[in-house]
Amino acid sequence: MYQDLDAYWMPFTANRQFKKAPRLLARADGMYFWTPEGRQVLDGVAGLWCVNAGHARPKIVQAIQQQAAELDYAPPFQMGHPKAFELAERLVKITPPGMNKVFYTNSGSESVETALKMAIAYHRVRGEGQRTRLIGRERGYHGVNFGGISVGGMVANRKMFGTLLAGVDHIRHTHDPARNAYSRGQPAHGAEFADDLERLIALHDASTIAAVIVEPVAGSTGVLIPPQGYLQRLREICDKHGILLIFDEVITGFGRTGQPFAAQTFGVTPDLMTVAKGITNGCVPMGAVFVKQAIHDAFMQGPEHLIEFFHGYTYSAHPLACAAALGTLDTYADDGLLTRASEMQAYFADAVHSLKGLPHVIDVRNIGLVGGIELASRPEEPAKRAFEVFLDCWEHGVLIRTTGDTIALSPPLIIEKSHIDRIVSTVADAIRRVR
Ligand SMILES: Cc1ncc(COP(=O)(O)O)c(C=O)c1O
């Protein structure tokens, strides 16, 4: 086994702690990883919210292998390749009504930057170039690039990086444990938190605001489920003021909440939608922005030989990614995975809510195949208690994820009841052991 861990500066990792006691993954299949020593680890988080169909699915593996041999790369600017078009046609069959244009990226962060730029440019091409402000939400996570951390609302991701993008403001978050702790599914209270957008409109004037971006279900900030009626209210306010609504569906896309997209689960259609992760089952980096026809069409003016949107990446619509995504859509369809979370969610909800009453547990939240278990923080040591639970689960053969003192579960959508039992009982034992 390769042992020298020095040169690799790991992302979002406590590097010194990791290198003293490395956690390496060498192989994966179905619901499991294996370490280099051959220890089996049950995947409770679909890798990183992305391996929705489980690991090493044959149609995806074969698609990537064949594509690498057939067309390894094709330039995406002023050129195309057939699978990029085929994939877009397939994708818009499962998007919410009217979201029928696809712009490819390589990650969730790039999808966010792309959507923010599109929103500002859209207003400009329509003659409303003064609409440049972007509104995010406290506790939001929209990746790590400058636009994304500007509209994002997680302080650790922002405070080290200067003044960020100008002209950004934030509505309040929706977390309200005093009224909503231990809600099953959508909390009953908090639709009125959407009215905070009216406060910012009164401050800045709607005529300066291009777009509002939110995660329908906030994941990285600790699994916050939208209160009943909240997203509808946000949609209404945006419509009233001509503001675009962007849903960041990087973690909720591709079946996580029980429908292909959270927009469908919650019955609210945004104007733009960012996705990544599950689009290729995590196998090849890829993201996309789904856009309403009218937004796309607004750009399609001027001389036809001119580029309409000065934006794109060397690896936009990469052939390997397109092949992987087509194999992924086939696999999702074969196994009915885009709606499987709706079949499993009652069992999953019972399992995660059974953790109520354990020491340190102060809230349990769930939707589809997403669970959040919040632990009380140890005084002076925020995030440490949950991290110790993570390490304990790892040692006992279950991979979970924590953010702050919240445990976030997001297993592959192929999960069976026995896997749910094992994940939740391992978490329960670890919680009982942690001090
Ligand atoms: C809602 C949301 N947006 C954007 C991102 C960033 O995606 P990536 O890490 O692929 O850049 C994430 C990643 O977890 C996410 O959860």
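- You'll find the protein chain entered in an unreviewed UniProt entry as Aspartate aminotransferase family protein, with Caldimonas caldifontis given as the organism.
- The protein chain has a UniProt comment under Cofactor (unreviewed entry) that states "pyridoxal 5'-phosphate".
- As its UniProt record puts it under Sequence similarities (unreviewed entry), the protein chain is described as follows: "Belongs to the class-III pyridoxal-phosphate-dependent aminotransferase family."

1. Concerning the domain arrangement of the protein chain
Thinking step 1. Each domain of the protein chain was delimited in the assignment, giving domain 1 (15–52 + 337–433) and domain 2 (62–335).
Thinking step 2. When each unit is reduced to the centre of its C-alpha atoms, the spacing between domain 1 and domain 2 is 26 Å.
Thinking step 3. Contact with domain 1, which involves 33 residues of that partner, is made by 28 residues of domain 2.
Thinking step 4. Looking at the side of domain 1 that touches domain 2, the elements that each hand over two or more residues are α2 (46–49), α14 (340–353), β11 (361–367), β12 (370–375) and β15 (406–409).
Thinking step 5. Looking at the side of domain 1 that touches domain 2, the element that brings in the most residues is α14, giving 6 residues.
Thinking step 6. Of the residues belonging to the side of domain 1 that touches domain 2, the class tally is 14 nonpolar, 14 polar and 5 charged.

2. Considering unusual backbone geometry
Thinking step 1. Located in the positive-phi region is A46, a residue other than glycine, with phi close to 50°.
Thinking step 2. Following the sequence through the fold, A46 ends up in helix α2.
Thinking step 3. Under the C-beta neighbour-count criterion, A46 is labelled buried, with 29 such atoms within 10 Å.
Thinking step 4. For W49, which is not a glycine, the phi torsion comes out positive at approximately 65°.
Thinking step 5. Take W49: it is sitting in helix α2.
Thinking step 6. A residue is classified by how many C-beta atoms lie within 10 Å of it, and W49, with 25 of them, is buried.

3. Some points on the site of the ligand
Thinking step 1. In the vicinity of the ligand lie 14 residues, with S107, G108, S109, G143 and V250 positioned nearest.
Thinking step 2. It is helix α5 (residues 108–125) that contributes the most residues to the shell around the ligand, 3 residues altogether.
Thinking step 3. Looking at side-chain class alone, the shell around the ligand contains 5 nonpolar, 7 polar and 2 charged residues.

4. Details of the nonpolar core
Thinking step 1. In terms of nonpolar packing, the biggest core is built from 116 residues, with V212 and L272 touching the most fellow members.
Thinking step 2. With 9 residues, helix α13 (residues 319–335) is the single largest residue contributor to this core.
Thinking step 3. Looking at this core, you find at least three residues from each of domain 1 (15–52 + 337–433) and domain 2 (62–335).

5. Re α5
Thinking step 1. Here α5 contains 18 residues, and its C-alpha end-to-end distance of 25 Å stays within 8% of the 26 Å for a straight helix at 1.5 Å per residue.
Thinking step 2. Where burial is concerned, most of α5 is hidden: 13 out of the 18 residues are buried.
Thinking step 3. Phi turns positive, to about 85°, at G127, one or two residues after α5.

6. Focus: the environment of D43
Thinking step 1. Note on placement: D43 falls in strand β3 (residues 40–43).
Thinking step 2. For D43 and T257, which are 214 residues apart along the polypeptide, the C-alpha to C-alpha distance reads 18 Å.
Thinking step 3. Apart from residues lying up to four places away in sequence, D43 is in contact with M31, Y32, F33, V51, L399, P411 and P412.

7. Concerning the sheet that holds β15
Thinking step 1. In space, the 4 strands of this open sheet follow the order β11-β12-β15-β14, with antiparallel pairing throughout. A strand with exactly one partner marks an edge of an open sheet, and here the two such strands are β11 and β14 (401–403). Within this sheet the neighbouring strands show an average axis-to-axis angle of 20°, counted without direction.
Thinking step 2. By the bridge criterion, 3 bridges tie β14 to β15 in an arrangement that is antiparallel. Paired with T402 across the bridge in β15 is I407.
Thinking step 3. Taken strand by strand, α14 contacts β11, β12 and β15, and its axis lies near 175° from that of β11.

8. Some points on the environment of S316
Thinking step 1. If you trace the backbone, S316 turns up in the loop between α12 (293–299) and α13.
Thinking step 2. Classification of S316 by C-beta neighbours within 10 Å gives buried; the count is 21.
Thinking step 3. For the pair S316 and T105, spaced 211 residues apart in the sequence, the C-alpha separation amounts to 5.1 Å.
Thinking step 4. Setting aside anything within four residues of it in sequence, one finds S316 in contact with P76, Y104 and T105.

The rules behind the values
- Residues numbered from 1 in each chain as written.
- Predicted model: local features only at pLDDT ≥ 70, side-chain atom pairs only at ≥ 80, totals over all residues.
- UniProt positions renumbered as here; feature names shortened; annotations may be inferred.
- Domains from an automatic or database assignment.
- Contact = placed C-beta atoms within 7 Å.
- Helix = DSSP H or I, 4+ residues; strand = E, 2+ residues; numbered from the N terminus.
- Nonpolar A, V, L, I, M, F, W, Y, C, P; charged D, E, K, R; others polar.
- Buried ≥ 20, exposed ≤ 12 C-beta atoms within 10 Å, placed from the backbone.
- Near = placed C-beta within 6 Å.
- Core = buried A, V, L, I, M, F, W, Y, C linked by C-beta atoms within 7 Å.
- Expected span 1.5 Å × (residues − 1).
- Pairing = 2+ DSSP bridges.
- Axes fitted to C-alpha atoms, helices over the stretch in contact; angles between N-to-C directions.

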